[in-house]
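So you can see what is in the structure, the chains are spelled out below.
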Amino acid sequence: MLTLRIWLAGATAATLVVAAGFAFSWGLPFFAVVLAVLSVFAVVDMTWVLRRRGGPRSH
């Protein structure tokens, strides 16, 4: 089961990517880049949580 932190990180990343697209389309490239960088942090946090809770794989 996915934890609340994973859901929040995923929703935050998706929201920030959409907001960056809107900012770029409105002619605000600086804010688009800032939002895109923040979305990368959210994705890194999500992958870190998923990797940490996965544990060692035993195939």
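Preceding this section is the structure that the text describes.
Keep in mind that what you see is a predicted model, and the values were worked out from it rather than measured.

Account for the overall build of the protein chain, naming residues and giving values.
Within the protein chain one finds two helices and zero strands. The burial tally for the protein chain puts 17% of its 59 residues in the buried class. The long-range fraction of contacts in the protein chain, counting pairs at least 24 apart against all pairs at least 6 apart in sequence, stands at 64%. Taken as a whole, the protein chain presents about 4,700 Å² of accessible surface, with 76% of it coming from carbon and sulfur.

Any details on a nonpolar patch on the surface? Residues and values, ideally.
Among the surface-exposed residues, Val18, Phe22, Trp26, Leu28, Phe30, Phe31, Val33, Val34, Val37, Leu38 and Phe41 lie close enough to one another that they form a single nonpolar patch of about 1,100 Å² accessible area. Breaking the nonpolar patch down by element, the ones donating at least two residues are α1 (4–25) and α2 (29–54). The leading source of residues in the nonpolar patch is α2, at seven residues. Overall, phenylalanine 41 belongs to the exposed group, its relative accessible area being 57%.

Now, about the environment of valine 33: what can you tell me, with residues and values included?
Here valine 33 lies in helix α2. In sequence terms valine 33 and glycine 21 are 12 residues apart; their C-alpha atoms lie 9.5 Å from each other.

Kindly report on the packing of aromatic side chains, identifying the contributing residues and their values.
For the coordinates displayed, the defined rule picks out two aromatic pairs. Taking 5.5 Å as the distance between ring centres and 20 degrees as the angle between the ring planes, the aromatic pair formed by phenylalanine 22 and tryptophan 26 counts as stacked. Phenylalanine 22 sits in the partly exposed class, given a relative accessible area of 45%.

The rules behind the values
- Residues numbered from 1 in each chain as written.
- Predicted model: local features only at pLDDT ≥ 70, side-chain atom pairs only at ≥ 80, totals over all residues.
- Heavy atoms only, no water.
- Helix = DSSP H or I, 4+ residues; strand = E, 2+ residues; numbered from the N terminus.
- Buried < 20%, exposed > 50% of the residue type's maximum accessible area, 1.4 Å probe, protein only.
- Contact = heavy atoms within 4.5 Å.
- Areas by Shrake-Rupley, 256 points an atom, 1.4 Å probe, with all protein chains shown as cover.
- Patch = residues over 30% accessible without salt bridge, like charges linked within 9 Å, V, L, I, M, F, W, Y side chains within 5 Å.
- Salt bridge = Lys/Arg side-chain N within 4 Å of Asp/Glu carboxyl O.
- Phe/Tyr/Trp six-rings, centres within 6.5 Å; stacked < 30°, edge-to-face > 60°.

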